[in-house]
Structures are given as C-alpha cells and as structure tokens.
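# Structural overview
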Amino acid sequence: MSAQFKAFACGARDTLPMLLGALPFGIIFGTLAIAAGLSLPATLLMSALVFAGSAQFIAVSLIASGAGLVVLLATTLVVNLRHMLYSASLLPYVRHLPQRWKVPLAFWLTDESFAVVHRHYLDVQTANTHKHWYFLGSCVAMYSNWFLCTLIGAALGSSLPGMAGWGLDFAMVATFVGIVVPLLRTRPMLLAAAVAATVALAAHALPYKLGLMLAALAGVSVAVWAERWSSQPGGSNECV
C-alpha cells in the first residue's frame, strides 16, 4: 500500500463518525427536495454540484416558497460565508499545493471535513508529506456519502413524506459537537466557543441565518483578543 493511499484511507476512516451523523441529514434533504417539487435529476444535481448541506436545505425551502433567484443566491451566500473562516484556518497548510489540488479541495470542504482535517493538521506528530491525501480522503468520503443519502432520500420521498419531522437531523449536531469539543484545548478556544454559542442562540431569530455569521464574528473577535492578552507577560492560554 502506497503512502498516499494510506493517508487517503485514514482520512476516510477518521471521517466515519461524520458520515454516520450526515446519513439521516442527507436522507431528509432528499425527501424535502422531492416534496418541494424538484425532480430526481435536479435533486441529485444540487447535491453533486452545490454540496453544501445547510445551503441546500435553505435553497429548497426558498424554492418551495416561490422566492426569487436573487434572494436565493444572497441567502445561500450569507450562510456559506463561514467557509471563509475555514479557508483562512487551512491556508497555511495547503498554500504550497498546486492549483489542481486546491480547486477540488476547496469545492469539497465542508463543516465535517474541516473539523476532521484541521485536527489532523494540528497534530505535530503527523508527517506533513501526505496530509493533502488525508484531506482528499475525508472530502471524498463525505461527498460520496452525501450524494448517496440524497439519492436514498429522494427515492423514499414519496413513500415517507413525514421524515423531516422525525428529528433525525439531531444526529449531525451531536456528531459535530463530539468532534469539535476535543479541539477546545486552550482558554481562547473555550472563550470563543462560549461567546459564539451565546450569540448564536441570542440571534437565532434573525433572517437569512445572519445569526450564524454574527456568532462566528463574535467568536473570532473574542479569540483574537484572548490570544493577544495571553501573549502579554504573565498571561496564559492553557486550560487548567
């Protein structure tokens, strides 16, 4: 087994908990898309070409309500702005890669793969040589899983129209929390997470998912301030 394939397989393996969490989430999307009036090919193409779970859910709901194209594009853009933060975090590790690597990795980057891959990059004990293959393995695993689940959901859409009310999407939330919590190793990280969670809850009712962006900005701002404070003489960012 080559080192590249081994890194690829490890990336897919470490993403397995995310695949299990995304499985019901993807199935529910497929059922909702069919219920909203999208055809099977259109539903599958959305997952294949957009590949953004939350944005796809919002797009389907807007399509069902008859919203215009400008509203649809603007809303999904706001929701996906968080990927700018993901990209900024991963840029130091992938800036050396050629364009043929950067383009597909950028397209396939999701919340779930970011959580898995970023932790892998932070592991100083892991050699840097083939980490982009690990990145690719995680992304391909998530992409294949999401497309397959969309297909299953679309096929079940007509026979199980009430699946969206089963609460299965909570599996994704629980899985993601389980991946993120171990990364909160320093006081700035903990403070940023606490502030972001508080703002997200307080701003939950804002339209177009603006509360998500406010939470992200608040968390980043607090983390930057905490890092600067901890770098001063006498400061510390280590958790007790």
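Structural data are supplied above this passage.
Note that the coordinates shown come from a computational prediction; the quantities given were computed from them, not determined experimentally.

## Some thoughts on the overall build of the protein
When you go through the protein residue by residue, the secondary structure sums to 12 helices and 0 strands. Within the protein, the proportion of its 240 residues that are buried is 38%. At a minimum sequence separation of 6, the contacts of the protein that also span at least 24 residues come to 76%. Of the accessible surface of the protein, which amounts to about 13,000 Å², a share of 71% is contributed by carbon and sulfur atoms.

## Focus on the pattern of salt bridges
Side-chain pairs of opposite charge can arise where the charged atoms are in close proximity. For the structure on display, the rule yields 1 salt bridge. The residue R13 makes a salt bridge to D14 at a minimum N-O spacing of 3.0 Å. Taking the relative accessible area as the measure of exposure, R13 reaches 52% and is therefore exposed.

## Brief notes about the packing of helix α2 (residues 16-35) against helix α3 (residues 40-49)
For any two helices packed against each other, one specifies the inter-axial angle together with the distance between the axes. Where α2 contacts α3, the two axes come as close as 9 Å, and the packing angle between them is 135 degrees. Here α2 is positioned oblique relative to α3, judged by the angle of their axes. For the pair α2 and α3, the sense of crossing is right-handed. Contacts from F29, G30, A33 and I34 in α2 reach L40, T43, M46 and S47 in α3. Class assignment for the residues of the contact of α2 with α3 results in 5 nonpolar, 3 polar and no charged.

## Some words on the packing of aromatic side chains
For the structure shown, the criterion picks out 11 aromatic pairs. Aromatic pair Y93 and Y121: ring centres 4.7 Å apart, planes at 15 degrees, arrangement stacked. With a gap of 28 residues between them, Y93 in helix α6 (residues 82-94) and Y121 in helix α8 (residues 111-122) connect regions that are remote in the sequence. Each ring, one from W101 and one from W133, has its centre 5.0 Å from the other, and the planes form 75 degrees; the classification is edge-to-face. Taken as a pair, W101 in helix α7 (residues 99-108) and W133 in helix α9 (residues 131-156) lie far apart in primary sequence, 32 residues in all. The exposure class assigned to W101 is buried, which follows from its relative accessible area of 13%.

## Let's talk about a nonpolar patch on the surface
A grouping of L40, L148, L151 and I152 is seen on the molecular surface, where their side chains present a nonpolar patch of about 320 Å² in accessible area. Along the polypeptide, I152 turns up in helix α9. Relative accessible area serves as the criterion here: at 34%, I152 is assigned to the partly exposed category.

## Description of the nonpolar core
In summary, soluble globular proteins display a tendency toward joint burial of nonpolar side chains. Ranked by size, the top nonpolar core spans 37 residues in total, and within it F29, L90, L105 and F135 carry the most contacts. Elements supplying a minimum of two residues to this core: α2, α4 (53-65), α5 (69-79), α6, α7, α8 and α9.

About the thresholds
- Residues numbered from 1 in each chain as written.
- Predicted model: local features only at pLDDT ≥ 70, side-chain atom pairs only at ≥ 80, totals over all residues.
- Heavy atoms only, no water.
- Helix = DSSP H or I, 4+ residues; strand = E, 2+ residues; numbered from the N terminus.
- Buried < 20%, exposed > 50% of the residue type's maximum accessible area, 1.4 Å probe, protein only.
- Contact = heavy atoms within 4.5 Å.
- Areas by Shrake-Rupley, 256 points an atom, 1.4 Å probe, with all protein chains shown as cover.
- Salt bridge = Lys/Arg side-chain N within 4 Å of Asp/Glu carboxyl O.
- Axes fitted to C-alpha atoms, helices over the stretch in contact; angles between N-to-C directions.
- Parallel < 35°, antiparallel > 145°, perpendicular 65-115°, else oblique.
- Left-handed = near helix turned anticlockwise from the far one by under 90°.
- Nonpolar A, V, L, I, M, F, W, Y, C, P; charged D, E, K, R; others polar.
- Phe/Tyr/Trp six-rings, centres within 6.5 Å; stacked < 30°, edge-to-face > 60°.
- Patch = residues over 30% accessible without salt bridge, like charges linked within 9 Å, V, L, I, M, F, W, Y side chains within 5 Å.
- Core = buried A, V, L, I, M, F, W, Y, C linked by side-chain atoms within 4.5 Å.

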